[in-house]
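For reference, the chains in residue letters:
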Amino acid sequence: NEMLKSMRWWLDSIGIDGFRCDVAMEVPTDFWEWTFDSLRIDYPGLFTLAEAEKPELNQKAFDMYYGWELHHLMNDVAQSKKTVEDLWNYFAKTDTVFPDYAIRMNFTSNHDENSWNGTEFERMGKAAGTMAAFTYIVPGMPLIYTGQEYANNHRLAFFEKDVIERNHTPEFAMYQDLNQVRKDNPVLWSNELGAPMQRLTCDNPDIFACVRTNGDNTVIGIFNFSAQKQSFTLQTEAFEGDYTCICGMPVHLGTADHITLKPWEWLIYHK
């Protein structure tokens, strides 16, 4: 009752939008369900994020969860320990584990990862930007952790004040472009607001190619998940049309498009 009273104070007195609940899996699920059911009587738009990846938490209590398994998979792909096929297997599995309204938080770093396991550049090397773009294309909601938009490349002190050097790096421009593309294309919005992800047929196992489409809006993401240049043919005949690249250049995609990507290069096309 005291915890419920405290949470209600933040809503009544401060007007916050929701709660991120630390290590939510270590608290009984029925507590969360009882608490948020009580709060949502007066605050039906309350948003809740569990720092956990436990499906039962998202049945009723939480809107969103930390995508830990996908995060570790991205680290492994960047280190050539896992493959594109492992990623597709993960998406096939998670679609059957979590309710379709549960929002996965996609991230390449966070407070724990940065401080204890290293920055995204330490863990992912030259694939860091590729994985960041990937978090915007696959279903879920992307996270930008403190300093990522400024290419912060040091482990932040966990319990001390630390300083982020703000500068307009290529990463800053990249996140601006990714944010704009996500805002402008409803198919990339989270869960029931967006569109399902489909796999595009490709003759190269190192290429992750997907499409999200709904009516007049289509987004195609193509990622070279390897440290070598890759040439491949992509079957896009079902989605033929004029697109705009994330870089702003127009392009026409048709039948059996032949594409070459540099190591860890990625492309996003939208219309």
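Remember, it's a predicted structure, so these values are computed and weren't measured experimentally.

Draft legend 1. Structural view of the packing of helix H1 (residues 2-14) against helix H2 (residues 29-42). Contact geometry for H1 and H2: axes closest at 11 Å, N-to-C directions at 35 degrees. Classified by chirality, the crossing of H2 by H1 is right-handed. Two secondary-structure elements touch here, H1 through Met-3, Leu-4, Met-7, Arg-8 and Leu-11 and H2 through Phe-31, Trp-34, Thr-35, Phe-36, Ser-38, Leu-39 and Asp-42. Looking at side-chain class alone, the contact of H1 with H2 contains 8 nonpolar, 2 polar and 2 charged residues.

Draft legend 2. Spotlight on helix H7 (residues 128-137). Among the 10 residues in H7, 9 count as buried, and that is most of the element. Within H7 the residues assigned to the buried category are Ala-128, Thr-130, Met-131, Ala-132, Ala-133, Phe-134, Thr-135, Tyr-136 and Ile-137.

Draft legend 3. Broad picture of the pairing of strand S2 (residues 47-50). Here strand S1 (residues 18-21) runs beside S2; their pairing, made up of 4 bridges, is parallel. Each bridged residue has a counterpart across the sheet, and for Phe-19 the counterpart in S2 is Thr-48. Handedness of the S1-H2-S2 crossover: right-handed. Pairing between S2 and strand S3 (residues 64-66): 2 bridges, direction parallel. Its bridge partner lying in S3, Ala-50 is registered against Tyr-65.

Draft legend 4. Structural context of helix H8 (residues 170-184). Given a rise of 1.5 Å per residue, 15 residues ought to cover 21 Å, and the 21 Å separating the end C-alpha atoms of H8 matches this to within 8%. The elements touched by buried residues of H8 are H7, strand S5 (141-142) and strand S13 (266-270).

Draft legend 5. Structural detail: the environment of Asn-191. Checked against the element boundaries, Asn-191 lands in the loop between H8 and strand S6 (198-199). Residue Asn-191 is classed as buried on the basis of its relative accessible area of 18%. Here the alpha-carbon distance between Asn-191 and Leu-57, two residues 134 residues apart in the chain, equals 17 Å. Excluding residues that lie within four positions of it along the chain, Asn-191 makes contacts with Asp-100, Tyr-101, Ala-102, Ile-103 and Gly-140.

Draft legend 6. Layout of the environment of Ala-209. By the secondary structure assignment, Ala-209 is in strand S7 (residues 207-214). When the C-alpha positions of Ala-209 and Gly-221 are compared, they lie 5.7 Å apart, and in sequence the two are 12 residues distant. In this structure, Ala-209 is in contact with Trp-88, Gln-198, Arg-199, Leu-200, Gly-221, Ile-222 and Leu-234, ignoring residues within four places of it in sequence.

Parameters at a glance
Residues numbered from 1 in each chain as written. Predicted model: local features only at pLDDT ≥ 70, side-chain atom pairs only at ≥ 80, totals over all residues. Heavy atoms only, no water. Axes fitted to C-alpha atoms, helices over the stretch in contact; angles between N-to-C directions. Helix = DSSP H or I, 4+ residues; strand = E, 2+ residues; numbered from the N terminus. Left-handed = near helix turned anticlockwise from the far one by under 90°. Contact = heavy atoms within 4.5 Å. Nonpolar A, V, L, I, M, F, W, Y, C, P; charged D, E, K, R; others polar. Buried < 20%, exposed > 50% of the residue type's maximum accessible area, 1.4 Å probe, protein only. Pairing = 2+ DSSP bridges. Right-handed = clockwise from strand over helix to strand, strands pointing away. Expected span 1.5 Å × (residues − 1).

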